[in-house]
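Analysis of the macromolecular model
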Amino acid sequence: MNNAELIERMADDARPLFVSAEAVRTQSDWPLAIAKLRHAYSSPHSHREVPPRTIARGAHGWLRTMSAIPNDSRFMGAKIFGIGTRRMVNYLIVLIEQDSGLIAGFVDGGAVTAIRTAATSALAIDRLSRAGSLRVGMLGSGEEARAHLAALAAIRPIDSLSVYSPTPARRNAFVSQHGAQHASSAIAVDTREAAARDCDVLIAAARSHDETPIVTSDMLEPGKLVVSIGSTMPEQREIDVSVVAGADLIVCDAVEEVANETGDMLAARDAGIEFLPKMISLNGLMAGDHDSLVAQSRHILFKSVGSAFQDIVIAELAYQEASRTGMAVQFPFEFHTKYA
């Protein structure tokens, strides 16, 4: 059988599968997701495997594409999503077999995005924070906040949780529904400053509606780790320039994209703050390249924009679990396949 015949047979035997958001959430396993990312980030990767994302901009919206080929993975793939006039969004992750080059599946990227973001943050927190149980301050009460709390609780005991979001009913509901489940003590507080007080880790999991920074340097004592996940584009803001100025170490999941494409860092650059010498990659951190820097740093910022590298690792895990449990749905069609 020649290569063309082999590919045709593979296409006949394996139509693409669809993994829904419900299936992704149902199959989510926080310790396993974090372990997968820990393994993936411990091996070096470069722009060849994880190229910069691209953003196409039109008169009324934008379209982002992100691609990656993780080492030691079955799949390579890409995530695509856009924002239009009506401000609605779907996320799609396409998984392609590294061996055959054929499309194997489509995964709802919305659920994957929350899981991979929180699992990556938990991985960084576990590496950057002091050993033992943690006191957590949470800014936000939405899906990202819920995911971050669950991910962190899966690998560390949480002694206390303080939650602030602008709507009292939502922060009270968050504490009632999720705080008691994951923390020894949980309270809703009336200000951002109260949430930041007496915590080891401050997680910014929601931007303000007018893009006013929600974390300022006067909220931070030496030794407090700040996690910022919400400013991923030039027009978005989450942390004040004073936080960037005061940080002696900035860990990034994508250094160049954080430095050049996030509103927080662009504002810091405009303010004359030199931050590039303080920036290191999460990949380098997990590979053990920066242990001495971490040990001597008192003000550490973890700044995440997300990457297709994380998306594909977690989407592959969701695909495998959904296939195993029968929650993946096979498409009733075949792609045209040819030998390249």
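All residue numbers refer to position in the chain's written sequence, counted from 1. Per-residue local features of the predicted model are confined to residues with pLDDT of at least 70, and side-chain atom pairs are confined, for both listing and counting, to 80 or more; whole-chain, interface and lining totals are unaffected and use all residues. Each side-chain value is worked out from all heavy atoms of the structure, with water and hydrogens disregarded.

Next up on the list: the side chain of T120. Residue placement: T120 occurs in helix 4 (residues 109-128). If sequence neighbours within four positions are ignored, T120 has contacts with L37, L282, F302 and Q310. Put simply, DSSP H or I for four residues or longer makes a helix, DSSP E for two residues or longer makes a strand, and each gets a number counted from the N terminus. Whether two residues touch is decided by their heavy atoms; if any such pair falls within 4.5 Å, the residues are in contact.

For the rest of this paragraph, the subject is a nonpolar patch on the surface. On the surface, L63, I80 and L92 cluster together to form a nonpolar patch covering roughly 200 Å² of accessible area. Along the polypeptide, I80 turns up in strand 4 (residues 75-83). For patches, a residue must show more than 30% relative accessible area and have no salt bridge; joins then use 9 Å for like charges and 5 Å for nonpolar side chains, namely Val, Leu, Ile, Met, Phe, Trp and Tyr. The accessible surface values rely on the Shrake-Rupley method and a 1.4 Å probe; as for residues, cover is taken only from the protein chains in view. The term salt bridge refers to a pairing of a side-chain nitrogen on Lys or Arg with a carboxyl oxygen on Asp or Glu at a separation within 4 Å.

Turning our eyes to something else, we now look at unusual backbone geometry. Of note in the backbone geometry, D72 takes a positive phi value of approximately 60° without being a glycine. Tracing the backbone through its elements, the reader meets D72 in the loop between strand 3 (62-68) and strand 4. The phi dihedral of E211 falls on the positive side, at around 65°, and the residue is not glycine. Structurally, E211 is set in the loop between strand 10 (201-204) and strand 11 (225-228).

When pLDDT is averaged across the protein chain, the result is 93; 96% of the residues are at 70 or more. In the predicted structure, residues 1-12 sits below a pLDDT of 50 and forms 14 contacts with residues beyond four places in sequence or in another chain. For every residue, the predictor states its confidence as a pLDDT score lying anywhere from 0 to 100.

Here the focus is the sheet that holds strand 1 (residues 17-19). By the convention used here, strands pair only if DSSP detects at least 2 bridges between them. Read across the open sheet, the seven strands follow the order 2-3-4-5-6-1-15; overall the sheet is mixed. In this open sheet, the two edge strands, each paired with only one partner strand, are strand 2 (54-57) and strand 15 (329-330).

A side chain of one charge can pair with a side chain of the opposite charge when the charged atoms of the two come close. Here the structure, examined in full by the defined rule, presents 20 salt bridges. Of the charged contacts, one joins R25 and E143 as a salt bridge, the two residues approaching to 3.6 Å between their closest N and O atoms. With R25 in helix 2 (residues 21-26) and E143 in helix 5 (residues 143-153), this residue pair connects regions lying 118 residues apart in the sequence. Assessed through its relative accessible area of 46%, R25 is described here as partly exposed. Where D291 meets R127, a salt bridge forms, and the shortest distance between an N and an O atom there is 2.4 Å. With D291 in helix 12 (residues 291-296) and R127 in helix 4, the pair connects residues that are 164 residues apart, well separated along the chain. Type-normalised accessible area, obtained with a 1.4 Å probe on protein chains alone, sets the label of each residue: buried when under 20%, exposed when over 50%, and partly exposed for intermediate values.

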